[in-house]
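The primary structure of each chain is shown beneath.
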Amino acid sequence: MLKQHSNRSPKPFFTPRRSRLAVSMEKAGAHGGKRWLPRLLLLAALTWLLMVYFHLAVFRTPPVSAPHASLVAVPSDGDDGQRFRLRQEQQLKRISSASAAASALPERGRGDDASCRGRYVYIHDLPRRFNADILSNCAHWYPWHNMCGYLENGGLGEPVDNADGVFADEGWYATDHFGLDIIFHRRVQQYDCLTDDSSRAAAVFVPFYAGFDIVQHLWGVNSTAAEKDALSLDLVDWLTRRPEWRAMGGRDHFFLSGRTAYDHQRRPESDSEWGNKLLHLPAVQNMTVLFVEKLAWTQFDFAIPYPTYFHPGKDAQILEWQQRMRGMKRQWLFSFAGGARNDPYSIRHHLIRQCGASSFCKLVQCRKNERNCLIPSNFMRVFQGTRFCLQPTGDTMTRRSAFDAIMAGCVPVFFHPDSAHTQYRWHLPEAHDAYSVLIPEDDVRAGNVSIEETLRAIPPEVAERMTETVIGLIPRLVYADPRSRLETLRDAVDVTLEAIIARVNKMREEMGAGREHLLQKQNDDAGSQQRS
């Protein structure tokens, strides 16, 4: 056994004998120190020169970055070791490439003139009645619920409860699926190429909270047609009087409603229909309008993803989550989280019946007056363990659940093209079958298709590729935490701004090609109609 160390210095195992050289040096030091002094000085100088050379040769060499600790993962039971190592090496190469590219670019939020030329965005300084004052009424938007808690943390809501470990410890919030007005505004304020000079801007952002405005008039006492339309008409009047508007007749302007376009397309001649007439205002039709769901027949509005619960503050949070989803064991072939509809045209009861009858399907049924589907971990846990997630239409053509499924690495199964394929053209691949499955809802309604058989017919290697594609989409579909910045990855707002600027540049080229007289005439008509 080893003895415990004492505080006393241990005796040496042996006492070294002094050499003749040492003895003679002692004598020399006693009698001839002056003769040795120059040699000692020379030896010290040589030692100093060697140290300087070592510093220049070694410490000036660029350091080799170690791989991020989060990339070290354990392969699942079904993984082949070689394939796992290849995936890890590919991921490291992608991160190294991204880091190298980032080192050559200005820091996000600090873009210089060279990197921002043609990318500048100007933000209108709107009067408070168009945004901040609307937020102050958050307790009364819905007669049955106070929404003010959802505005915490820059509109992300409160952090989710992660007691059961379904989410990561950071970056996950109880976000309202119609809360994009404030999230988008805060993120644009973090854009790396903002300008105070509108003449330099490629696009002009109008931070009007159109979704929050209409929701406070859809129920309750303040729901007459005039009250629903009042702030939209006020905004158009304010904008069309501004010098920034006259540059392109508003065609370089864009704004957002965090709701569906359906809430803003009441016919002008009707006072009893749902929503307001925002989309029928000619000046609005000159702008680029963003929704979580667009109209199928219009060309000036565009759909951007619903906000999910994931709002990462840095690249590492996204990369870690992607790696975690790659390692999930997908024990169910397909799943459905949702409730039935009273609408006899809905296919949801068919999906519930088919899922409930299949041993390959996991059903999370949402019933009225039950909190089962109000707790995000209940369905996100199921999505993480499923290969394919059924996404039928809901109250409208689209569902936030489709994006929740993608966050979990689950391949969405759609039943109508307007649920995603015709909607999110800026954010989802054109090759729809690379990331999703489409089963025509008419076939489901007629009872001509088995969902289980359709999905089991997909070869396992194809299904795995689809899963990897879905996980790869996560960065461009999330809305990053507006209180921080991503380092190299581009989120949904970055993708949106890039697409808007490209659209405005195309219109600017058309104006330069001699069509400006047509645009100016439309602009004059729009302004006169709003003031009449």
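The shown structure was predicted, so the numbers you read here are calculated from the model rather than taken from an experiment.

What counts, and at which threshold
- Residues numbered from 1 in each chain as written.
- Predicted model: local features only at pLDDT ≥ 70, side-chain atom pairs only at ≥ 80, totals over all residues.
- Heavy atoms only, no water.
- Helix = DSSP H or I, 4+ residues; strand = E, 2+ residues; numbered from the N terminus.
- Buried < 20%, exposed > 50% of the residue type's maximum accessible area, 1.4 Å probe, protein only.
- Contact = heavy atoms within 4.5 Å.
- Areas by Shrake-Rupley, 256 points an atom, 1.4 Å probe, with all protein chains shown as cover.
- Phe/Tyr/Trp six-rings, centres within 6.5 Å; stacked < 30°, edge-to-face > 60°.
- Salt bridge = Lys/Arg side-chain N within 4 Å of Asp/Glu carboxyl O.
- Pairing = 2+ DSSP bridges.
- Axes fitted to C-alpha atoms, helices over the stretch in contact; angles between N-to-C directions.
- Parallel < 35°, antiparallel > 145°, perpendicular 65-115°, else oblique.
- Left-handed = near helix turned anticlockwise from the far one by under 90°.
- Nonpolar A, V, L, I, M, F, W, Y, C, P; charged D, E, K, R; others polar.
- Disulfide = S-S within 2.5 Å.
- Core = buried A, V, L, I, M, F, W, Y, C linked by side-chain atoms within 4.5 Å.

Draft legend 1. Seen up close, the overall build of the chain. Within the chain one finds 19 helices and 10 strands. Relative to its 532 residues, the chain shows a buried fraction of 47%. Across the chain, every contact between residues at least 6 apart in sequence was considered, and the portion connecting residues at least 24 apart equals 73%. Accessible area of the chain: about 28,800 Å², with a carbon and sulfur share of 54%.

Draft legend 2. The arrangement of the packing of aromatic side chains in detail. Taken as a whole, this structure holds 19 aromatic pairs when the rule is applied. When the centroid spacing of 6.3 Å and the interplanar angle of 50 degrees are considered together, the rings of F208 and F255 count as tilted. Of this pair, F208 sits in the loop between β2 (203-205) and α8 (210-218) while F255 sits in strand β3 (residues 253-256); the two residues are 47 residues apart in sequence, bridging distant segments of the chain. Summarising the aromatic geometry, the rings of W219 and W274 are spaced 5.5 Å apart at their centres and angled 75 degrees between planes, so their arrangement reads as edge-to-face. Here W219, found in the loop between α8 and α9 (225-240), pairs with W274, found in the loop between β3 and α11 (282-286); they are 55 residues apart in sequence, far enough to count as distant. Assessed through its relative accessible area of 33%, W274 is described here as partly exposed. Three or more aromatic residues joined by ring pairs form one cluster here, namely Y142, W144, W219 and W274.

Draft legend 3. Spotlight on the pattern of salt bridges. In the structure shown here, the tally under the stated rule is 22 salt bridges. Among the salt bridges present, the one from R200 reaches D113, with a minimum N-O distance of 2.3 Å. Residue R200 is found in the loop between α7 (180-188) and β2, and its partner D113 is found in helix α4 (residues 113-116); the two are separated by 87 residues along the sequence. Residue classification places R200 among the partly exposed positions, given a relative accessible area of 40%. Taken together, the salt bridges that share partners define one network made up of D113, R117 and R200.

Draft legend 4. Inspection of the pairing of strand β4 (residues 288-291) at higher detail. Covered by surrounding structure in β4 are T288 and L290 together with V289 and F291, the residues of both alternating faces. As paired elements, β3 and β4 share 3 bridges and run parallel to each other. If you follow F254 over to β4, its bridge partner there is T288. Direction of pairing for β4 relative to strand β5 (residues 301-303): parallel, over a ladder of 3 bridges. From the neighbouring strand, V289 faces β5, where its bridge partner is D301.

Draft legend 5. Representation of the sheet that holds β2 in the model. Taken in spatial order, the 5 strands of this open sheet run β1-β2-β3-β4-β5, and their pairing is parallel. Taken across any chain shown, the strands that pair with only one partner, and hence form the sheet edges, are β1 (121-123) and β5. The sheet shows a mean angle of 30 degrees between the axes of neighbouring strands, direction not considered. Judged from the 3 bridges that link them, β1 and β2 form a sheet pairing that is parallel. Pairing of Y122 across the sheet is with V204, part of β2. Against the sheet, α7 engages β1, β2, β3 and β4, with an angle of about 135 degrees to β3.

Draft legend 6. Just the packing of helix α12 (residues 315-326) against helix α18 (residues 460-477), in detail. Between α12 and α18, whose axes approach to 10 Å, the crossing angle comes to 165 degrees. By the criterion of interaxial angle, the relationship of α12 to α18 is roughly antiparallel. Crossing angle aside, the handedness with which α12 passes α18 is right-handed. Note on element contacts: α18 touches α12 through E468, I471, G472, I474 and P475, opposite I318, W321, Q322, M325 and R326. When grouped by side-chain class, the residues that make up the contact of α12 with α18 number 6 nonpolar, 2 polar and 2 charged.

Draft legend 7. Structural detail: the state of the cysteines. For the coordinates displayed, the defined rule picks out 5 disulfides. The disulfide partner of C116 is C193, and the S-S distance across this bridge is 2.0 Å. Handedness here is read from the sign of the S-S torsion; for C116 and C193, about -75 degrees, the answer is left-handed. You can see C116 sitting in helix α4 and its partner C193 sitting in the loop between α7 and β2, a full 77 residues away along the chain.

Draft legend 8. The arrangement of the nonpolar core in detail. Counting residues in each nonpolar core, the largest one holds 130 residues, and the members touching the most others are W141, F184 and F388. Setting aside anything within four residues of it in sequence, one finds F388 in contact with L333, F334, S335, C410, V411, V413, V437, L455, I458, A463 and M466.

Draft legend 9. Region of interest: the sheet that holds strand β10 (residues 437-438). With parallel pairing, 5 strands are arranged side by side in an open sheet as β7-β6-β8-β9-β10. On the outer flanks of this sheet lie β7 (361-365) and β10, each paired with one strand and no other. Two elements, strand β6 (residues 332-338) and strand β8 (residues 386-391), share 3 bridges in a ladder whose sense is parallel. Directly across from W332, in β8, lies its bridge partner T386. Its contacts with the sheet place helix α14 (residues 376-384) against β6, β7 and β8, and it is angled at close to 160 degrees to β6.

Draft legend 10. Inspection of the packing of α8 against α9 at higher detail. Orientation of α8 relative to α9, taken along the N-to-C sense of each, is 165 degrees, at an axis distance of 9 Å. For the element pair α8 / α9, the angle class is roughly antiparallel. Judged by the sense of rotation from one axis to the other, the crossing of α8 with α9 is right-handed. In this structure, α8 contributes D213, I214 and H217 to the contact, and α9 contributes E227, K228, L231 and S232.

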